[in-house]
Amino acid sequence: MTTTHWQDRSVIVTGGTRGIGRGIAELFARRGTSVLLTGRTQSVATEVARQVVGATGGRVSGMGVDLRDPQAIEDMAAEAEERHGHLDVLCSNAGIFPEKPLGEMTAADVDEVLAVNLRGTILAARACVPAMRRAGRGRIVLTSSITGPTTGYTGWSHYGASKAGQLGFLRGAALEPAPHAITVNAVLPGNVRTEGLAEPGEPYLRRTAASIPLGRLGETADIAHAVPFLASDEAAFITGQTLTVDGGQTLPESLDAFTPAPTS
Ligand code: NAP
């Protein structure tokens, strides 16, 4: 039995215009939650919100919020509170993962990845906590990754640093608002079939799927379903924690420990 009244909740999903974020937004919308989904561009966010309303019948609107812009992040929190009357949940999900070998990496490459993935996460949480305090409760759910916190990947060292950095932030950030019934947790996806992961190409996706004990890449819904649990009333006593959702990808300690899924 659930005690969470999803229809009375108000959620921001950053990076809600596609991929995992869109999956999270759709899931909350189906439960009747008021959703503000964001991406860099107002017109795209508005159009995706319209599509999500069409697919779910939910209460969803969009907002252009570039997470590199601190003022835009403050405006996002204020807008959610104004549109919905209150703000309970931040899904800090937006992220970028451009491939760049260390030898070719410029300072600008590092700054860009850290600005969106790490600084954007920190500033979004900072902006939303005051509204959550006014609401009398709050849930912050970060989309981190196995890459960085658990594993490494050639070409994605700056990305791994940003995702591990999110967890360093999480542990401190969970402590400060805890007296106000605000929790901060993270989901760590493995490899998920999204538009963002399309760039490395099908051979990469096939090889990656073959390395996952459950025999397939994750789907956006696989990750999205972990989020409402961490955002629920039932998870009120869980804070500063991580939940890996990776089909067992990080389990085998050697190739011998791995039982490949049967191929058809
Ligand atoms: P995606 O399909 O590339 O979508 C990324 C989202 O982030 C889009 O909605 C995009 O919106 C938004 N975004 C990008 N730059 C932004 C910026 N500067 N300001 C605001 N929003 C911005 O990515 P995904 O695969 O769904 O990944 C979502 C999250 O999961 C990321 O944090 C990623 O690191 C994490 N993750 C993904 C995987 C995977 O295998 N896919 C694995 C582990 C972790 P617009 O384009 O509309 O601006």
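Summarised in this report is the structure supplied together with it.

1. A look at the environment of Tyr204
Looking at the secondary structure, you find Tyr204 in helix H6 (residues 202–210). By relative accessible area, which is 10% here, Tyr204 ends up buried. Once residues within four sequence positions are removed from consideration, Tyr204 is found in contact with Tyr153, Asn191 and Leu197.

2. Focus on the site of the ligand
Taken together, the neighbourhood of the ligand is formed by 31 residues, with Thr17, Arg40, Tyr159, Val192 and Thr194 sitting nearest. Contact distances for the ligand include 3.1 Å between a nitrogen atom and a side-chain N or O atom of Asp66. Lys163 places a polar side-chain atom, nitrogen or oxygen, 2.8 Å from an oxygen atom of the ligand. If the ligand stood free it would expose 890 Å²; the protein chains cover 96% of that surface. Looking at the shell around the ligand, the elements with two or more residues in it are helix H1 (19–30) and helix H5 (157–175).

3. A few points about the sheet that holds strand S6 (residues 182–189)
Strands sit in the order S3-S2-S1-S4-S5-S6-S7 across an open sheet of seven strands; the sheet is parallel. Of all strands in the sheet, those bounded by a partner on one side alone are strand S3 (59–64) and strand S7 (242–245). Taken pair by pair, the neighbouring strands of this sheet meet at an average axis angle of 20°, ignoring direction. Strand direction decides the pairing type here: strand S4 (residues 89–92) and strand S5 (residues 138–143), joined by four bridges, are parallel. Note that in S5 the partner of Leu90 across the bridge is Ile140.

4. Here we look at the nonpolar core
One finds Ile12, Val65, Ile73, Met76, Leu90, Cys128 and Ile140 to be the most contacted residues of the largest nonpolar core, which totals 33 residues. Broken down by element, this core gets its largest block of residues, eight residues, from helix H4 (residues 107–135). Those residues in contact with Val65 that lie beyond four places of it in its chain are Thr38, Gly39, Arg40, Ala72, Ile73 and Met76. Trp6, Leu27, Phe28 and Ala231 belong to the second largest nonpolar core, which has 28 residues in total.

Reading the values: rules and limits
Every chain begins its residue count from 1, and numbering advances along the sequence as written. Per-residue local features are limited, in this predicted model, to residues with pLDDT of at least 70; the limit for side-chain atom pairs, both in listing and counting, is 80 or more; totals at the level of whole chains, interfaces and linings are taken over all residues. Calculated side-chain values reflect all of the structure's heavy atoms, with hydrogen atoms and water omitted. Put simply, DSSP marks the helices as runs of H or I at least four residues long and the strands as runs of E at least two long, and each gets a number from the N terminus on. Here the term buried applies to any residue with accessible area under 20% of the maximum for its type, exposed to any over 50%, and partly exposed to those in between, with areas from a 1.4 Å probe on protein chains only. Between two residues, a contact is recorded if the distance between any of their heavy atoms is within 4.5 Å. It suffices for a single heavy atom of a residue to lie within 4 Å of a molecule or strand for the residue to be listed as near it. Polar contacts, as used here, are pairs of N or O atoms within 3.5 Å; protein pairs need one atom able to donate a hydrogen and one able to accept it. Residues neighboring in sequence count only if both atoms are side-chain atoms. Surface exposure here means Shrake-Rupley accessible area, sampled with a 1.4 Å probe, where a residue is shielded only by the protein chains that are shown. Note on pairing: DSSP must find at least two bridges between two strands before they are called paired. Here an axis means a line fitted to C-alpha atoms, over the contact stretch when the element is a helix, while the angle between two N-to-C directions is reported on a 0 to 180 degree scale. Residues enter a nonpolar core if they are buried and are Ala, Val, Leu, Ile, Met, Phe, Trp, Tyr or Cys, with the set joined through side-chain atoms within 4.5 Å.

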